[in-house]
Amino acid sequence: MPIVVDIDVMLARRKMSVGELADRVGITPANLAVLKNGRAKAVRFSTLAALCEVLTCQPGDLLRWEAEEAEVAAGAEDVADAEDAAGADETVGAPGE
């Protein structure tokens, strides 16, 4: 999944346990584990706000986007195909060469 959840990182920085965070945010440890392990399909803004308040951080400290390897490889193939179709096999030099 291209969205990576870094709750573990913030927990380590704050020296806080999963159980303590769950209690302070007001969600079950099981639901926090689902979110923490990246298995959640959605997160409420109110939950995200509570996590940020308790951990004194920004949403970007908890969530980040990371390209999937399969998407990156497919994108590289598409570029190569487009270059081949455009005649990119010719050497291109500086202007005037």
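Residues numbered from 1 in each chain as written. Predicted model: local features only at pLDDT ≥ 70, side-chain atom pairs only at ≥ 80, totals over all residues. Heavy atoms only, no water.

Undergrad: I'm lost on empty space enclosed by the protein in this one. Help?
TA: This structure, assessed with the given rule, holds 1 cavity of 30 Å³ or more. Within this model, the largest cavity holds a volume of roughly 40 Å³. What lines the largest cavity is simply V5, I7, L35, V43, L48, L51, L62 and L63. When grouped by side-chain class, the residues that make up the lining of the largest cavity number 8 nonpolar, no polar and no charged. (1 Å grid on protein atoms, 1.4 Å probe; cavity = no way out; pocket = protein on both sides within 12 Å on 5 of 7 lines; lining within 4 Å. Points joined across faces, edges and corners; volume = space filled by probe spheres on them. Nonpolar A, V, L, I, M, F, W, Y, C, P; charged D, E, K, R; others polar.)

Undergrad: How should I be thinking about the packing of helix 1 (residues 7–14) against helix 3 (residues 29–36) in this particular structure?
TA: What describes two packed helices is the angle between their axes and the distance between those same axes. Close contact between helix 1 and helix 3 brings their axes to 9 Å; oriented N to C, the two are set at 115°. Contact with helix 1, carried on its side by I7, D8 and L11, involves L32, L35 and K36 of helix 3 and no other residues of that element. Across the contact of helix 1 with helix 3, the residue classes break down as 4 nonpolar, no polar and 2 charged. (Axes fitted to C-alpha atoms, helices over the stretch in contact; angles between N-to-C directions. Helix = DSSP H or I, 4+ residues; strand = E, 2+ residues; numbered from the N terminus. Contact = heavy atoms within 4.5 Å.)

Undergrad: Hey, could you run me through helix 4 (residues 45–55) in this one?
TA: The periodicity of an α-helix, 3.6 residues per turn, causes residues three or four positions apart to be oriented the same way. Looking at helix 4, one finds that the buried residues are T47, L48, A50, L51, C52, V54 and L55. Residues of helix 4 that are buried make contact with helix 1, helix 2 (18–25), helix 3, helix 5 (59–62) and strand 2 (63–65). Looking one or two residues past helix 4, T56 carries a phi angle of roughly 45°, positive in sign. (Buried < 20%, exposed > 50% of the residue type's maximum accessible area, 1.4 Å probe, protein only.)

Undergrad: I tried to follow helix 2 on my own but got confused; where do I start?
TA: Inspection of helix 2 places L21, A22 and V25 among the buried residues, and these make up the whole buried set. Buried residues of helix 2 fall within an arc of 100° about the axis and therefore sit on the same side. Directly after helix 2, the chain includes G26, whose backbone phi takes a positive value near 90°. (Arc of directions from axis to C-beta.)

Undergrad: Can you help me understand the environment of V4 in this one?
TA: Counting through the fold element by element, V4 comes out in strand 1 (residues 3–5). Separated by 62 residues in sequence, V4 and E66 have C-alpha atoms that sit 6.8 Å apart. Beyond its immediate sequence surroundings of up to four residues, V4 is in contact with L62, L63, R64 and E66.

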